[in-house]
2 protein chains.
Amino acid sequence: MTYCVGIRLKSGTILASDSRTSAGVDYISVFSKTHRFSVAGEREIFLLTAGNLATTQEVISILKREIQENSEGNILQLKSLFDVANKVGNTVIKVLDRLPTQKYNHVDFGCSFLIGGQIKGESQRLFRVYSEGNFIEVSKETPFFQIGESKYGKPMLDRIISYDTNIEDALKCVLVSFDSTMRSNLSVGLPINLYYLPVALNNENGSEDIKEVKSAYIDENHTEFKEISQHWTSGLQKLFGDIPNQKWWD
Amino acid sequence: MTYCVGIRLKSGTILASDSRTSAGVDYISVFSKTHRFSVAGEREIFLLTAGNLATTQEVISILKREIQENSEGNILQLKSLFDVANKVGNTVIKVLDRLPTQKYNHVDFGCSFLIGGQIKGESQRLFRVYSEGNFIEVSKETPFFQIGESKYGKPMLDRIISYDTNIEDALKCVLVSFDSTMRSNLSVGLPINLYYLPVALNNENGSEDIKEVKSAYIDENHTEFKEISQHWTSGLQKLFGDIPNQKWWD
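Residues numbered from 1 in each chain as written. Chains lettered and ligands numbered in written order. Predicted model: local features only at pLDDT ≥ 70, side-chain atom pairs only at ≥ 80, totals over all residues. Heavy atoms only, no water.

1. What to know about unusual backbone geometry
Residue and element names in this part refer to chain A. Following L190, the chain continues into P191 via a peptide bond in cis, with omega recorded as -5°. Examined against the element boundaries, P191 turns out to sit in the loop between helix 4 (167–184) and strand 11 (192–201). Of note, N70 is a non-glycine position whose phi angle comes to about 55°, a positive value. Inspection of the secondary structure puts N70 in the loop between helix 1 (53–68) and helix 2 (81–98). (Helix = DSSP H or I, 4+ residues; strand = E, 2+ residues; numbered from the N terminus.)

Shown next as structure tokens:
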């Protein structure tokens with residue numbers, strides 16, 4: 001399984017993915033699920049993938065080949081992240097069209113994508129693309145998407161994350177969300193790829209510049225993640241202890 | 001959807017279920033999902049249900065009719081909770097055999113049950129029965145089962161619950177688990193039916209007496225649940241605030 005989170009905050013975009021992939025219990029491996037398409041100062045596009053690894057790899061390979069061959073309308077040429085979401089959706093449709101999905105209808109060929117980032121000329125945006133090729137965009141009311149094994153980590157995000165949450169709290173929340181997911185599901189595992197794209201207002205013309213992306217690679221030796229994980233676990237135990245016992249019955 | 005939890009602690013058994021059932025978005029109703037079969041001092045059997053409401057109601061109806069007709073081997077006659085789990089499993093198989101599940105293979109006719117309690121002569125036990133009619137029992141290493149919409153509420157249980165957890169902490173944890181689930185999934189809702197069956201050792205012969213069951217009905221006006229919910233929410237916010245900010249990148 002996989003766990004990926006994308007959050008579009010007022011102050012920027014956070015994208016995080018785990019790296020464990022399983023194709024059967026005896027074949028668990030590490031694959032990065034975050035793919036970055038970047039042209040300094042001009043565009044930062046992140047594709048995070050979940051679902052069938054063969055499908056998502058084929059989609060990513062096609063998108064990369066189009067760039068290599070400088071095909072018209074490749075991801076590095078598109079003017080808007082909306083167009084990127086559209087292209088990814090169309091590529092998913094094309095890939096699944098090629099496969100004998102009807103014949104092997106007990107196999108889940110499906111996949112989903114988070115597409116986040118910024119293309120010069122527009123603000124940062126964040127989309128979620130479905131297996132069917134359609135997609136949705138975050139809003140201020142719903143500023144985050146999760147794909148993959150999303151339920152274990154959702155309660156923390158529901159409680160903490162809003163459009164106005166500051167970056168420090170949001171990062172802590174994302175990592176607590178990963179910690180909770182990894183404790184409840186062994187098929188989600190370290191390392192975590194974490195990216196942050198800060199919003200930068202260019203005061204001269206009010207448009208948003210594309211700032212340098214911050215990134216972290218969080219493995220089992222990552223001191224700060226271990227500290228958060230331990231602090232959270234012991235804090236939860238204490239919080240439980242501090243809840244007054246209730247009189248549930250006579 | 002549904003959310004049910006059963007925990008077999010050293011000090012007793014906790015069983016809790018929500019009461020919201022949806023059959024399509026325009027038909028959301030309240031059904032109790034906990035069914036109690038009780039003979040004072042002799043047996044306390046709880047059946048908690050999740051899954052297809054038609055299937056689970058038919059299973060429960062058959063079990064109740066067997067009792068009314070005093071059929072041989074009905075739930076009130078069986079000597080062990082293992083036999084009860086077996087009977088429930090067989091009844092599920094019989095009900096699903098009757099239905100055209102092959103014809104309507106896009107419909108999920110499946111269901112699952114938690115079966116907890118005690119029959120005089122043995123200790124308290126807790127089983128989980130699957131749609132296929134087979135079942136598993138809790139152990140000291142894995143003292144709880146969840147059925148229905150279980151993932152949102154699992155991280156809290158994973159962190160807190162062990163066989164030796166005291167009853168007060170376990171009850172708080174169960175209710176926090178429900179609170180988290182209801183926040184993340186609107187199809188799980190109040191009221192909650194909560195039961196606790198304390199373990200009682202009869203010192204004369206070392207066997208375990210069956211003590212009086214404690215119960216609570218938790219709706220939106222339940223002061224203690226509201227207090228836990230508010231305490232937990234504000235405590236989590238504070239706990240986040242208290243986690244030291246980390247240096248994720250330069």
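2. Examining the interface of chain A and chain B
Listed by partner, the interface residues are 49 residues for chain A and 49 residues for chain B. The largest per-residue losses of area from chain A upon contact with chain B belong to A:R159, A:F240 and A:W248, which jointly make up 20% of the total buried on that side. Linking chain A with chain B are 4 salt bridges, by the criterion used here. Ionic pairing is found between B:R159 and A:D179, a salt bridge with its closest N-O pair at 3.3 Å. Across the contact surface, chain A and chain B share 21 residue pairs in polar contact (both at pLDDT 80 or more). Where the side of chain A that touches chain B is concerned, the elements lending two or more residues are helix 3 (154–160), helix 4, strand 11, strand 13 (214–218) and helix 5 (223–242) of chain A. No other element matches the 14 residues that helix 5 of chain A contributes to the side of chain A that touches chain B. (Contact = heavy atoms within 4.5 Å. Buried area = accessible area lost by both parts, 1.4 Å probe. Salt bridge = Lys/Arg side-chain N within 4 Å of Asp/Glu carboxyl O. Polar contact = N/O pair within 3.5 Å; in protein donor to acceptor, adjacent residues only side chain to side chain.)

3. Section: the pairing of strand 11 (residues 192–201) of chain B
Residue and element names in this part refer to chain B. When you tally the buried positions in strand 11, you get 8 out of 10 residues, the bulk of the element. Note that strand 2 (residues 12–17) and strand 11 share 6 bridges and pair antiparallel. Along strand 11, the bridge assignment pairs T13 with L197. Bridge analysis of strand 11 against strand 13 (residues 214–218) gives 5 bridges, and the strand direction is antiparallel. Note that in strand 13 the partner of N193 across the bridge is Y217. (Buried < 20%, exposed > 50% of the residue type's maximum accessible area, 1.4 Å probe, protein only. Pairing = 2+ DSSP bridges.)

4. As for the sheet that holds strand 9 (residues 135–137) of chain A
All names here are of chain A. Strand order in the open sheet formed by 5 strands is 5-6-7-8-9, with antiparallel pairing between adjacent strands. Taken across any chain shown, the strands that pair with only one partner, and hence form the sheet edges, are strand 5 (34–39) and strand 9. On average, adjacent strands in this sheet sit at an angle of 15° to one another, irrespective of strand direction. Pairing of strand 8 (residues 125–129) with strand 9, which is carried by 3 bridges, proceeds in the antiparallel orientation. Paired with V129 across the bridge in strand 9 is F135. Docked against the sheet, helix 1 engages strand 5, strand 6 (43–51) and strand 7 (111–119), running at close to 155° with respect to strand 6. On the sheet, helix 2 packs against strand 6, strand 7, strand 8 and strand 9 and is oriented at approximately 155° with respect to strand 7. (Axes fitted to C-alpha atoms, helices over the stretch in contact; angles between N-to-C directions.)

In short, geometric facts, not functional conclusions.
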